[in-house]
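Here is what each chain is made of, one letter per residue.
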There are 2 protein chains.
Amino acid sequence: MNWQPVKNISTTLQQQIINWFTTQLGQGDLTPGMRLPSQRLLALQFNVNRSTINVVMEELKARGLIETRTGDGTYISEDSWQLLWKETHPKWQQHIDFSVHKPNDDTIQLINEYEQYEHIIRLGTGELSPSLIPTKQIEHSLRELSLTAPVLGYSVPQGSKELREALCHYLQKRGIHTTTNNILITSGALQAFQLIALGLLQPGSFIFQQEASYLNSVHSFQSAGMRMTSVKINEQLQQTLLTKKRNNQGLFYAIPTLDNPTGHCWSNTKRRLVLEACKALAIPIIEDDVYHELLFQPDNELPLKAYDQSGHVLYIGSVSKTLSPGLRIGWIVASESVIKRLADIKMQTDYGSSALSQQLVAHWLQSGMYEQHIKQLRHDLHQRAEFVEQLLQRYIQPYAKWQQPNGGFYIWLRFEKPIINKGLFLELLHQNILINPGYIYQPNDFHHLRLSFAYASYEQLEQGIRQLALAVKQR
Amino acid sequence: MNWQPVKNISTTLQQQIINWFTTQLGQGDLTPGMRLPSQRLLALQFNVNRSTINVVMEELKARGLIETRTGDGTYISEDSWQLLWKETHPKWQQHIDFSVHKPNDDTIQLINEYEQYEHIIRLGTGELSPSLIPTKQIEHSLRELSLTAPVLGYSVPQGSKELREALCHYLQKRGIHTTTNNILITSGALQAFQLIALGLLQPGSFIFQQEASYLNSVHSFQSAGMRMTSVKINEQLQQTLLTKKRNNQGLFYAIPTLDNPTGHCWSNTKRRLVLEACKALAIPIIEDDVYHELLFQPDNELPLKAYDQSGHVLYIGSVSKTLSPGLRIGWIVASESVIKRLADIKMQTDYGSSALSQQLVAHWLQSGMYEQHIKQLRHDLHQRAEFVEQLLQRYIQPYAKWQQPNGGFYIWLRFEKPIINKGLFLELLHQNILINPGYIYQPNDFHHLRLSFAYASYEQLEQGIRQLALAVKQR
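Basis of the calculations
- Residues numbered from 1 in each chain as written.
- Chains lettered and ligands numbered in written order.
- Predicted model: local features only at pLDDT ≥ 70, side-chain atom pairs only at ≥ 80, totals over all residues.
- Helix = DSSP H or I, 4+ residues; strand = E, 2+ residues; numbered from the N terminus.
- Rg over C-alpha atoms; globule rule 2.2 N^0.38 Å.
- Buried ≥ 20, exposed ≤ 12 C-beta atoms within 10 Å, placed from the backbone.
- Contact = placed C-beta atoms within 7 Å.
- Nonpolar A, V, L, I, M, F, W, Y, C, P; charged D, E, K, R; others polar.
- Pairing = 2+ DSSP bridges.
- Axes fitted to C-alpha atoms, helices over the stretch in contact; angles between N-to-C directions.
- Domains from an automatic or database assignment.
- Expected span 1.5 Å × (residues − 1).
- Least-squares fit on C-alpha atoms with pLDDT ≥ 70 in both.
- Parallel < 35°, antiparallel > 145°, perpendicular 65-115°, else oblique.
- Left-handed = near helix turned anticlockwise from the far one by under 90°.

1. Focus: the overall build of chain A
No. 1: From N to C terminus, chain A includes 18 helices and 15 strands.
No. 2: Relative to the 2.2 N^0.38 estimate, which gives 23 Å for 475 residues, the radius of gyration of chain A is 30 Å and therefore markedly larger than a compact globule would have.
No. 3: Here the C-alpha coordinates of chain A stretch approximately 90 × 60 × 55 Å along the principal axes.
No. 4: Across the 475 residues of chain A, 52% fall into the buried class.
No. 5: Intrachain contacts of chain A at a sequence separation of at least 6 include 74% that bridge at least 24 residues.

Have a look at this one:
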């Protein structure tokens, strides 16, 4: 130990000694298990104060590089080498493991990953087929947008006034009469959940929902500490909610029209039951209404929001299922106090949604292009649904049951045997077929599969469903 | 009490009785303080089982409408009327008060609100003046975008490949050599913070930063339970960090080039100190580099990320300060494991950023339009900075000190007396002048004010600074 630190340079004496120490250790000049001289001796050797050595020792100890054995002096730790090499890289896995947000379920991560590849047949995708997105019309309509500098600046907290005005008008046809102050523009419906989770709910709150639920496939609420609870919607609902909730806060999540993943529509009675039970217990309702435009035949059922006089319903809409998910435009309709709160958090989260996307959607709503497009889309989806039903009858009928879809994207297949498990998922993935198994919507449900007739091409649908039938047959 | 519930209809007996009870109460037929008959008698009167009555009583009790006085039977609660009327509306304030996310500071909420109004002179706004946003060019470039259906679909988790490729190329000029797998597109820099807070940090982690810090004006980290801690950057930094952090996780937030709110640039020594201290302690660094393009003269200082061989630095960029905040496009450059994790959370949060915005930014980067625009912008901002400095010398010199800005948007005024408080903020707001007081960046700092020369018009700057001087003079 002939080295000594240099005085009067910008690196402190402590730091120089620590650096020297770790270099020696890294080079193998100091080895694990070695006994160090006493602090007094070290101070002499390095020609520094005892207090300097003391600080150095404390830091090395904190980093686990040395250890004190009572009554027996200080040693270089047995695992100091490992620690030293670890230290040069941040411990990301540790950071990730202890952080707030839940990772996506493993199956969902695989779905997200494999959806990128073009050769994959996507039987479960909740997205419009590329052929159903009016790409050329959107491209063309970009030329008709007239932008202003304020539009391209930071947005007002609630989002583009123009878009909110267009939405007020549009929502009237759905039986919802509201004002621009009751609307918040979000980056899709998913962000609306995130804002509600962070802005309106106490950790430990209950999120009530039907058994198979889209919400189980995303983690906005779980990551914020909410408890997902399935309930049956029947005459006892109010009692059930009360019993489960007790003194906690609660919130009811519902897709009354064209549910995800089941594709079902609620009867008027079911709507009334939920609305009344939640009203009586002051449980707010999230009404997710992103599919309603895609009913093949209008069913005359109004959304819950249309009956909501007292602000119980947080109504969510979006153009992701009808025009383009890439635009990332959705909205929440709610009481002013709620909108103000959620807008404040949105400002803290991402300062608003894309001005270009907002302008474009406003333009499509105002010009009537949106409505016209939807008509065509409904027709095309209906055709696809009929085609897929034929395929199901041909290939899947022996193994599963389903309801005829009356809109949207999905058929909820119920297989007699509990075979829709991770093994089947992986087996099909190996054949380049991606399915959305029921267990991502309801833990431990191995009977169901969400089939989407909206995404894959006709050829792919035929091939995919045939191969699905084969895989199922062998189980 | 002649009424009786009806059997064999869809509403349960319990529910009918509860509804009857609340109706009677609402009509004033039952009044607070009234004593109820015993459960046995009620069961007889309503011609139902004792157990039915029991459930009804429990629910009414849970809702606070009735109360049991020991040994003295059951009464209608004194505040039952209030409760009844309250119940018809969800208790939103209670929801808000107990929820996860912190509200914006009151002053910041006022700033967000008043920034909407055109008659307000915005002296502190961290945003390009409408005249500096290349609105017509952006509008024109929309015509040059060629969209495809996959682009308008749901994005891959990391965002547009085209934009990430363009960024790889662009970042090389900044001394950062990276790949598309190391980049995540975010909806502005602010969302990057949110993702890091949720995806990489344990609640209780320390966020280290300089004293006055932009991060104190947003709540991404605080709302996720992190502890904001100011540190001085000097030779003792490593020791300071170690002492404060102990066994907790930590993260260092830095804007080494054109800091917000101070506008200062770090020396090479300061950069080295932070990088070395954080490396030694395995503390990741967030390097917020959104202003660097706006240096009036290139200063030859490379970003920390350019020296980062081991993935310690999470590098953040954006076009919000240079092109248009309304596009909502930013990015994070980091290790693949980190990008994968943050991309997963982004998928759960909002399914990606606007495809239109991403395409547009890619187009501006690829075509060289971005670089050309920046040159002009730098020139214009420099002129504005010089104009404002003249105004400061004329009006503010007696009361405050500042450093000549060498880029960006801001001058960090230090007033001799601690007069930049909420009172002054409100007084100026009353005169239609909006300032960004130092206390939103550093609690209890009443000496500073962040002046922005980027937003207000020349006339407004003159008028605003003159009025600011008048207000200050009187204190």
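2. Topic: the interface of chain A and chain B
No. 1: Counting residues at the interface gives 96 residues for chain A, matched by 96 residues for chain B.
No. 2: Tallying contributions element by element places helix 14 (residues 336-349) of chain A first for the side of chain A that touches chain B, with eight residues.
No. 3: Looking at the side of chain A that touches chain B residue by residue, the classes come out as 40 nonpolar, 45 polar and 11 charged.

3. A few points about the sheet that holds strand 4 (residues 183-186) of chain B
Hydrogen bonds between backbone atoms are what pair the strands of a sheet, whose relative direction is either parallel or antiparallel.
Residue and element names in this part refer to chain B.
No. 1: Pairing is mixed across the open sheet formed by seven strands, whose spatial order is 4-10-9-8-7-5-6. At either end of the open sheet lies a strand with only one pairing partner, and these are strand 4 and strand 6 (227-230). For this sheet, the mean inter-axis angle between neighbouring strands, taken without regard to orientation, is 25°.
No. 2: Note that strand 5 (residues 206-209) and strand 6 share four bridges and pair parallel. Counted as the bridge partner of Q209 is S230 from strand 6.
No. 3: Lying over the sheet, helix 9 (residues 161-172) contacts strand 4 and strand 10 (330-333), oriented at roughly 115° with respect to strand 4.

4. As for the domain arrangement of chain A
Residues and elements named next belong to chain A.
No. 1: Annotation of chain A at the domain level lists domain 1 (13-93), domain 2 (106-127 + 372-473) and domain 3 (141-367).
No. 2: With 25 residues of domain 2 at the interface, the matching set in domain 3 holds 22 residues.
No. 3: Put simply, the parts of the chain that give the side of domain 2 that touches domain 3 at least two residues each are helix 16 (369-396), strand 12 (410-415) and strand 15 (448-452).
No. 4: Here the residues of the side of domain 2 that touches domain 3 are counted per class, giving 11 nonpolar, 10 polar and four charged.

5. Describing helix 15 (residues 355-367) of chain B
No. 1: For helix 15 of chain B, with 13 residues, the first-to-last C-alpha span of 18 Å sits near the 18 Å given by 1.5 Å per residue.
No. 2: Among the 13 residues in helix 15 of chain B, 11 count as buried, and that is most of the element.
No. 3: Along helix 15 of chain B, the positions that sit buried rather than exposed are B:A355, B:L356, B:S357, B:Q358, B:Q359, B:L360, B:V361, B:A362, B:H363, B:W364 and B:L365.
No. 4: Its buried side turned inward, helix 15 of chain B meets helix 15 (355-367) of chain A together with helix 7 (135-142), helix 8 (149-152), helix 9, strand 4 and helix 16 (369-396) of chain B.
No. 5: Looking one or two residues beyond helix 15 of chain B, the residue adopting positive phi is B:G368, at roughly 85°.

6. Section: unusual backbone geometry
No. 1: For the bond running from A:N260 to A:P261, omega is 15°, close enough to zero to count as cis.
No. 2: Its identity as a non-glycine residue notwithstanding, B:N432 has a phi of 65°, on the positive side.
No. 3: As for its placement among the helices and strands, B:N432 is situated in the loop between helix 17 (422-430) and strand 13 (433-434).

7. Details of the environment of A:G330
Residue and element names in this part refer to chain A.
No. 1: One can find G330 in strand 10 (residues 330-333).
No. 2: Of the residues examined, G330 has 25 C-beta atoms within 10 Å and is grouped as buried.
No. 3: A sequence separation of 142 residues divides G330 from G188, and the C-alpha atoms of the two residues are 4.0 Å apart.
No. 4: Residues within four places of G330 in sequence aside, it is in contact with T186, S187, G188, A189, Q191, A192, I316, G317, S318 and S320.

8. Some details on the relation of the copies chain A and chain B
No. 1: When chain A is fitted to chain B, the best match, at an RMSD of 0.3 Å, comes from turning it 180° and sliding it 0.1 Å along the axis. Overall, the copies show the geometry of a two-fold rotation axis.
No. 2: Take the interface residues of chain A: 100% of them recur as interface residues in chain B, which is what a same-surface contact looks like.

9. A word on the sheet that holds strand 9 (residues 313-318) of chain A
Residue and element names in this part refer to chain A.
No. 1: Strand order in the open sheet formed by seven strands is 4-10-9-8-7-5-6, with mixed pairing between adjacent strands. If you trace the sheet from one side to the other, it starts and ends with strand 4 (183-186) and strand 6 (227-230), each paired once. Averaged over all adjacent pairs, the angle separating strand axes in this sheet is 25°, with direction ignored.
No. 2: Bridge analysis of strand 5 (residues 206-209) against strand 7 (residues 250-254) gives three bridges, and the strand direction is parallel. Across the sheet, residue F208 finds its bridge partner in strand 7, namely F252.
No. 3: Running over the sheet, helix 9 (residues 161-172) touches strand 4 and strand 10 and is turned about 115° from strand 4.
No. 4: Helix 14 rests against strand 4, strand 9 and strand 10 of the sheet, and its axis sits at about 25° to strand 4.

10. Some words on the packing of helix 2 (residues 39-46) of chain B against helix 3 (residues 50-62) of chain B
Residues and elements named next belong to chain B.
No. 1: In the contact formed by helix 2 and helix 3, the axes pass within 9 Å of each other and the chain directions differ by 110°. Classified by the interaxial angle, the pair formed by helix 2 and helix 3 is roughly perpendicular. The two elements helix 2 and helix 3 cross, and the hand of that crossing is right-handed. Between helix 2 and helix 3, the contacting residues are Q39, R40, L42 and A43 on the first element and R50, I53, N54 and M57 on the second.
No. 2: Here the residues of the contact of helix 2 with helix 3 are counted per class, giving four nonpolar, two polar and two charged.

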